[in-house]
Amino acid sequence: VGHCHPDVVKAAHQQNQLLNTNSRYLHDNLVDYAERLSKTLPEKLCIFYFLNSGSEANDLALRLARQYTKHEDVIVLDHAYHGHLTSLIDISPYKFRNLDGQKEWVHVAPVPDTYRGLYREDHEDSVTAYADEVKNIIEQAHERGRKIAAFFAESLPSVGGQIIPPAGYFQKVAKHVHKAGGVFIADEIQVGFGRVGKHFWAFQLQGGDFVPDIVTMGKPIGNGHPLACVATTKEIAEAFAATGVEYFNTFGGNPVSCAIGLAVLDVIEKEHLQAHATEVGNFLMKLLKEQKIKHPIIGDVR
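- As recorded in an unreviewed UniProt entry, the protein chain goes by AT2L2 lyase and comes from Rostratula benghalensis.
- Here the protein chain is described in UniProt, under the heading Cofactor (unreviewed entry), as follows: "pyridoxal 5'-phosphate".

Dropping the structure here:
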């Protein structure tokens, strides 16, 4: 919402003057913020965990998936980057290819890129073809006695090249993953909070019938303040709590962070930033597409 937005700075300052505690202590801001966030998401995503960074959020999402499914393996998209913790470098081809390589519990699916990928715009059904790649990975994993915990993907792969997956791809992938007993995790850390304009969350570009099992948030959520979130279903959260090992994060969801999160949502709403993203985005795309017609060297505009 812009550098040092006065509303966000004011919210932080006011709450700092009142109380900032370890998040074991109950405070209205936590509940108010969770309720406010829940209004932006599909109904079944109704349990929230607050953390300090996108990496923490993705690490927790991985833990939730494994505890719920009792499986270990993860399918990711090629070139993906999901964070800087050891657990996340392991599921980030962008990183692990330059480090220790691919772990046996990690499976890499091709990016659903209809411009430069395996199946392109001229393919009769690129959506099914890309989803079938995931299906094949699951079958091969099962042959080796491995079980899938999660399909983990950014709703719009960013480090992988600002790829926009063809509509319907996530639905088909989720069907294969659910059949294998896994869950679908949508990483919205770089692309959420109205940045795609048309929708508040980038996964919604896939269509109203698609709902992930877990959504992770970071980056713009606190406008520069360390804040992150994992949203999931009651079933997954209950399976996670059933271990008796509670999830606890000293600073995640503290009153100041929640006041800032609320202020960010206020500004997005008050200043119509989602509509602004749509308008400016469409204007920019129009001009760039005109350049594409003029200059054969421009292959695709994203």
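Continuing now.
1. A look at a positive patch on the surface
Then, in step 1: A grouping of Lys135, Lys172, Lys175 and Lys179 is seen on the molecular surface, where their side chains present a positively charged patch.
Then, in step 2: The element that contributes the greatest number of residues to the positive patch is helix H7 (residues 169–179), accounting for three residues.
Then, in step 3: Position of Lys175 relative to the elements: it lies in helix H7.

2. Comments concerning unusual backbone geometry
Then, in step 1: Of note, His79 is a non-glycine position whose phi angle comes to about 70°, a positive value.
Then, in step 2: Relative to the helices and strands, His79 resides in the loop between strand E2 (73–77) and helix H4 (86–89).
Then, in step 3: You can call His79 partly exposed: its relative accessible area is 41%.
Then, in step 4: Unusually for a residue other than glycine, His272 sits at a positive phi of about 50°.
Then, in step 5: With respect to the secondary-structure elements, His272 resides in the loop between helix H9 (255–270) and helix H10 (273–294).
Then, in step 6: Of the residues examined, His272 reaches a relative accessible area of 55% and is grouped as exposed.

3. Some details on the environment of Pro226
Then, in step 1: In this fold, Pro226 is placed in the loop between strand E6 (214–217) and strand E7 (228–232).
Then, in step 2: A relative accessible area of 49% places Pro226 in the partly exposed class.
Then, in step 3: Separated by 172 residues in sequence, Pro226 and Gly54 place their C-alpha atoms 9.0 Å apart.
Then, in step 4: In this view, Pro226 contacts Asn52 and Ser257; residues no more than four positions away in its chain are not counted.

Calculation notes
Residue numbers here run from 1 along each chain, matching the order of that chain's written sequence. Where totals are concerned, whole chains, interfaces and linings use all residues; where local detail is concerned, this predicted model gives features only for residues with pLDDT of at least 70, and gives and counts side-chain atom pairs only at 80 or more. No hydrogens and no water enter the side-chain calculation; it runs on all heavy atoms of the structure. UniProt positions are given in the numbering used here, feature names are shortened, and annotations may be inferred rather than shown by experiment. For patches, a residue must show more than 30% relative accessible area and have no salt bridge; joins then use 9 Å for like charges and 5 Å for nonpolar side chains, namely Val, Leu, Ile, Met, Phe, Trp and Tyr. Computed by Shrake-Rupley with a 1.4 Å probe, the accessible areas treat only the displayed protein chains as cover when residues are assessed. Each salt bridge in this description consists of a side-chain nitrogen of Lys or Arg and a carboxyl oxygen of Asp or Glu lying within 4 Å of one another. Charge counting treats Lys and Arg as positive and Asp and Glu as negative, with His and both chain ends excluded. A charged residue contributes its charge at one atom only: NZ of Lys, CZ of Arg, CG of Asp or CD of Glu. The way it works is that DSSP assigns letters per residue, a run of H or I at least four long becomes a helix, a run of E at least two long becomes a strand, and they are numbered from the N terminus. Burial classification: accessible surface area is computed with a 1.4 Å probe over protein chains only, and a residue below 20% of its type maximum counts as buried, one above 50% as exposed, and the rest as partly exposed. Contacts are residue-level and defined by heavy atoms, with any inter-residue pair within 4.5 Å sufficient.

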